[in-house]
Amino acid sequence: MSFPSDRSGPRSEQRLPGPSTLAVHAGEDRHKLGHAITDPVICASTFTFKDSQAVIDYIEQDQERGEYGRYGTPGEMVVERKLAAMEGGEEAILYSSGMAAIVGLFMSKLNSGDEVVFFDECYHRSREFCAKHLSRFGVVTRQVKACDYEAMEAAITPQTRLVVSESPTNPHLSVVDLERFADLGRRHGVDTLIDATLATPYNARPIEFGIDFVLHSATKYMGGHNDLLAGVIVGQSEKLADVRTLRGIMGAVNSAHNLYLLQRGLKTFELRMLRHNANGQAVAEFLENHPAVERVYYPGLASHPYHEVARRTMRGYGGLVTFLIKNADWRVTADVVDRSRIARIAPSLGGVETLIEQPLVMSYYQCTVEERKRFGIPDNMIRLACGIENEEDIIADLEQALAGVQRT
Amino acid sequence: MHFRTRAVHVGNEKDPATGAVVPPIHVASTFVQPGAGEWGEFDYARSGSPTRKALETTVASLEAGSHALAYASGMSATHGAMMLLNAGDHIVAGSDIYGGTYRLLHKILNRNGVSVSLAKSVDLQAFEAAFNDKTRLAWIESPGNPLMTITDIAACAEIAHRHGALLAVDNTFATPVLTRPLELGADIVMHSATKYLGGHSDALGGMLVVADQELHDALYFVQNSTGAVMGSFATFLIARGLKTLELRVREQSRSALFLAHQLSQHPRVSRVLYPGLESHPGHDLAGRQMDGAFGAMMSFELSGNYEETQRVAESTRLFQLAVSLGAVESLIEQPASMSHASYDAADRQTHGIVDGLIRLSVGLEHPDDLWEDLQQAIAAEDKLA
């Protein structure tokens with residue numbers, strides 16, 4: 001077995017190590033500083049050279065070592081190697097948040113006059129950055145309906161540099177046909193970016209389908225404990241060189257403690273994902289059969305419009321379940337949220353604690369009615385991010401929260 | 001609520017001041033008081049802190065206890081419990097126990113005038129025969145270290161109580177996921193929280209758990225007077241580890257059972273000590289006393305001498321050569337030269353810690369990867385031989 005960090009080690013077997021083996025060991029040196037079993041938390045902001053020649057060698061030979069913290073630290077390199085191995089990519093670049101990662105990629109790849117095409121179901125802050133900030137630099141953003149590949153092709157012009165989608169999308173959980181998306185990009189000579197935060201490399205590895213860049217808000221399933229912020233981009237080293245250079249200039253990097261929590265969280269990645277997947281599926285099935293529920297969005301349900309695509313591209317379907325309360329206005333819906341006892345009212349997802357939110361109230365409160373309609377956010381929509389608690393407890397909690405609706 | 005839900009939520013109520021879904025790490029050594037002579041809930045961090053209290057609340061719930069206390073290490077927790085005794089008192093301890101506990105009993109407590117008898121706790125008659133009218137505490141582990149013996153906790157509790165003694169159980173190997181000694185009549189549960197509770201080889205800590213207010217008060221008095229409390233950062237990491245405790249222990253137990261089956265068919269392995277194997281003398285009892293799995297610790301005997309065994313332990317690529325256990329990384333060690341080296345050679349023989357014995361702490365890696373690694377390590381030694 002061999003890992004990216006273990007270049008000198010024997011390569012006895014072709015079989016890839018299992019996801020948990022990768023999560024625990026990939027990217028880490030087998031023999032660490034001080035013989036410690038875990039990597040040290042290296043807090044240093046700067047790194048020393050033994051003499052001037054060492055500085056010159058570092059620059060001329062492009063050595064992988066610490067120089068100044070903003071350009072990368074030994075602790076960060078470990079986590080980046082681990083994430084790249086888990087994702088099946090050549091290289092990973094870490095950022096201080098998911099938004100910093102997407103901004104870092106856009107700022108590297110898009111110049112004034114360039115165009116980017118989006119599938120329209122996406123995190124509202126990504127959309128906002130394109131509309132309000134990229135536009136100021138003369139970058140044109142076009143949006144087409146999610147999973148409408150013909151519309152996307154029609155929107156591509158000679159100025160298009162990047163096509164972007166989430167998969168699954170948030171909060172509608174539409175699933176992109178990754179092979180088709182990659183092929184579309186290749187045919188038009190345009191790079192493809194998939195925000196796979198909701199999938200995670202446990203459920204889908206877009207690079208294997210030919211996608212150029214994979215993005216994660218590592219705050220979610222990767223960190224997994226609702227106690228850190230981080231973002232990551234994974235792809236081929238050649239395509240990431242300019243992205244890394246710009247990050248070194250812009251400086252949206254992680255602290256050493258944050259990186260350690262991320263690395264530690266990754267050790268239980270597969271276990272957590274198995275529970276999130278099982279809980280998501282069980283909750284979706286429960287909700288689909290509940291009389292107070294009008295509709296459930298979950299790729300693991302046969303009723304989901306992208307169920308077939310999901311089955312082809314994903315191993316499991318994650319912990320996020322979106323649903324609509326039947327005949328309910330925003331207040332009745334808010335009451336369901338407020339009655340939950342295990343699920344806590346908060347934005348975010350992917351941690352061990354189950355979180356619940358009403359998109360209207362949480363993320364889309366400032367939008368006009370027309371905007372919400374355009375984004376597909378009805379007043380009676382609830383987004384539940386299943387944690388790793390026992391599924392019986394999450395379902396019992398939902399059952400009592402929904403019981404109130406039936407009485408009204 | 002089910003175990004895993006409690007592991008995530010009990011003791012982790014959202015922060016009332018900020019709404020933070022993860023409680024803050026309180027690092028304060030002292031707390032401002034409402035008035036002179038008026039005391040708030042916390043005063044000085046040795047006496048208690050919100051961060052430690054949160055962990056203690058979670059662990060008490062998982063162990064089905066009423067109170068828990070967090071210590072700087074497993075040994076300081078063990079010592080904290082043993083300091084309930086006075087000069088002239090007597091302890092009965094199982095013979096298959098951690099080397100550090102053995103050392104504490106024989107080289108420290110004896111200086112305080114506390115005497116100890118070791119007895120095979122798997123043999124209830126021999127265990128009871130070790131009690132005398134000065135016995136105030138009985139100390140057992142199940143599964144035992146390193147031979148994985150299974151002790152009948154309920155029967156030991158009954159014996160201890162009949163002799164007016166308390167029963168303490170070191171539950172580090174089984175974890176509350178698989179065994180909850182307080183439900184079986186034990187009085188004190190001890191953990192090296194460094195192991196499965198923390199689970200990531202990155203924090204030292206110990207816990208005592210009880211189901212009795214008076215006993216808690218006595219232990220707390222000792223802890224507050226002697227000061228071996230858990231630090232704030234370690235407390236945070238261990239509390240974070242608890243959230244995935246059940247997932248880790250069940251998965252690691254599954255891998256251990258797989259490896260035990262594989263090893264027991266290997267020509268170079270003469271014996272596998274794992275309670276999940278039907279051949280294990282404690283298998284039936286473990287089936288009753290352990291909740292659906294048999295833990296992730298195991299030992300096996302290689303048909304080989306001290307040096308050959310040493311070389312096998314040194315040739316694994318995934319299993320890392322280190323003492324300690326219970327973490328996501330798989331570890332391997334030779335008890336005769338490492339965890340139980342503090343026993344004299346004669347004592348090791350008496351207790352069955354032979355030179356060919358190898359102890360594994362099975363981690364979270366894929367079981368196929370682990371098995372491949374063990375096979376190549378044994379094969380490498382064969383080539384040398």
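Cut-offs applied
- Residues numbered from 1 in each chain as written.
- Chains lettered and ligands numbered in written order.
- Predicted model: local features only at pLDDT ≥ 70, side-chain atom pairs only at ≥ 80, totals over all residues.
- Helix = DSSP H or I, 4+ residues; strand = E, 2+ residues; numbered from the N terminus.
- Rg over C-alpha atoms; globule rule 2.2 N^0.38 Å.
- Buried ≥ 20, exposed ≤ 12 C-beta atoms within 10 Å, placed from the backbone.
- Pairing = 2+ DSSP bridges.
- Axes fitted to C-alpha atoms, helices over the stretch in contact; angles between N-to-C directions.
- Parallel < 35°, antiparallel > 145°, perpendicular 65-115°, else oblique.
- Left-handed = near helix turned anticlockwise from the far one by under 90°.
- Contact = placed C-beta atoms within 7 Å.
- Domains from an automatic or database assignment.
- Nonpolar A, V, L, I, M, F, W, Y, C, P; charged D, E, K, R; others polar.
- Core = buried A, V, L, I, M, F, W, Y, C linked by C-beta atoms within 7 Å.

J.: Got a minute to help me understand the overall build of chain B in this structure?
T.: Scanning chain B from N- to C-terminus turns up 14 helices and 12 strands. Radius of gyration (C-alpha) of chain B: 21 Å, near the 21 Å computed for a compact globule of 385 residues. Considered along the principal axes of its C-alpha atoms, chain B spans approximately 75 × 50 × 35 Å. When burial is assessed residue by residue, chain B has 55% of its 385 residues classed as buried.

J.: Is there a simple way to think about the sheet that holds strand 2 (residues 115-119) of chain A in this case?
T.: Adjacent strands of a sheet form backbone hydrogen bonds with each other and so pair up, either parallel or antiparallel. All names here are of chain A. Taken in spatial order, the 7 strands of this open sheet run 1-7-6-5-4-2-3, and their pairing is mixed. This sheet does not close on itself; its edge strands, each paired only once, are strand 1 (91-95) and strand 3 (140-144). For this sheet, the mean inter-axis angle between neighbouring strands, taken without regard to orientation, is 20°. In this sheet, strand 5 (residues 191-195) lies alongside strand 4 (residues 160-166) in parallel orientation, the contact comprising 5 bridges. The partner of Glu166 across the bridge, within strand 5, is Asp195.

J.: Is there a simple way to think about the packing of helix 2 (residues 50-62) of chain B against helix 9 (residues 232-242) of chain B in this case?
T.: Any two packed helices are characterised by how steeply their axes cross, that is the angle between the axes, and by the distance between the axes. Residues and elements named next belong to chain B. Packing of helix 2 against helix 9 leaves a shortest axis separation of 9 Å and a crossing angle of 30°. It follows that helix 2 is roughly parallel to helix 9 by the angle criterion. In the crossing of helix 2 with helix 9, the sense of the turn from one axis to the other is left-handed. Between helix 2 and helix 9, the contacting residues are Thr51, Arg52, Ala54, Leu55 and Thr58 on the first element and Ser232, Thr235, Phe236, Ile238, Ala239 and Leu242 on the second.

J.: Would you take a moment to explain the domain arrangement of chain A for this structure?
T.: Interface size, as often reported, equals the accessible area lost upon joining of the parts. All names here are of chain A. The assigned domain composition of chain A is domain 1 (19-266) and domain 2 (270-407). Listed by partner, the interface residues are 27 residues for domain 1 and 29 residues for domain 2. Of all the secondary-structure elements, those providing two or more residues to the side of domain 1 that touches domain 2 are helix 1 (19-25) and helix 8 (200-203). When grouped by side-chain class, the residues that make up the side of domain 1 that touches domain 2 number 14 nonpolar, 10 polar and 3 charged.

J.: Sorry if this is basic, but what is going on with the environment of A:Val117 here?
T.: The residue A:Val117 is located in strand 2 in this model. Not counting the four nearest positions on each side in its chain, A:Val117 is found in contact with A:Arg142, A:Val144, A:Met152, A:Ala155, A:Ile156, A:Thr160 and A:Val163.

J.: I keep staring at the domain arrangement of chain B and nothing clicks. Help me out?
T.: Residues and elements named next belong to chain B. When the domains of chain B are assigned, the result is domain 1 (3-242) and domain 2 (246-384). Computed from C-alpha atoms alone, the centre-to-centre distance between domain 1 and domain 2 is 26 Å. Taken together, the contact between domain 1 and domain 2 spans 27 residues of the former and 34 residues of the latter. Looking at the side of domain 1 that touches domain 2, the elements that each hand over two or more residues are helix 1 (3-9), helix 4 (99-108) and helix 7 (175-178). Within the side of domain 1 that touches domain 2, the residues separate by chemical class into 14 nonpolar, 9 polar and 4 charged.

J.: Sorry if this is basic, but what is going on with the pairing of strand 9 (residues 297-302) of chain B here?
T.: All names here are of chain B. Most of strand 9 is tucked away: 5 of the 6 residues are buried. Where strand 8 (residues 269-273) and strand 9 come together, 4 bridges link them in antiparallel fashion. From the neighbouring strand, Val272 faces strand 9, where its bridge partner is Phe300. Sheet topology note: the strand 9/strand 12 (residues 357-361) ladder contains 5 bridges and is antiparallel. Note that in strand 12 the partner of Met298 across the bridge is Leu360.

J.: Would you mind showing me how to read the interface of chain B and chain A here?
T.: At the junction of the two partners, chain B supplies 30 residues and chain A supplies 31 residues. It is helix 1 of chain B that provides the largest number of residues to the side of chain B that touches chain A, a total of 4 residues. A class-by-class count of the residues in the side of chain B that touches chain A yields 8 nonpolar, 9 polar and 13 charged.

J.: Explanation requested: the nonpolar core in the structure shown.
T.: The nonpolar side chains of a soluble globular protein tend to be buried with one another. With 111 residues, the main nonpolar core has B:Ala168, B:Met207, B:Leu208 and B:Met298 as its most contacted residues. Broken down by element, the residue count for this core peaks at 8 residues, all from helix 10 (residues 245-264) of chain B. Not counting residues within four places of it along the chain, the set of residues in contact with B:Leu208 comprises B:Ala68, B:Leu69, B:Ala77, B:Gly80, B:Ala81, B:Ile188, B:Met190 and B:Leu219. Grouped together as the second largest cluster of nonpolar side chains are 110 residues, A:Leu162, A:Tyr306, A:Met314 and A:Val336 included.

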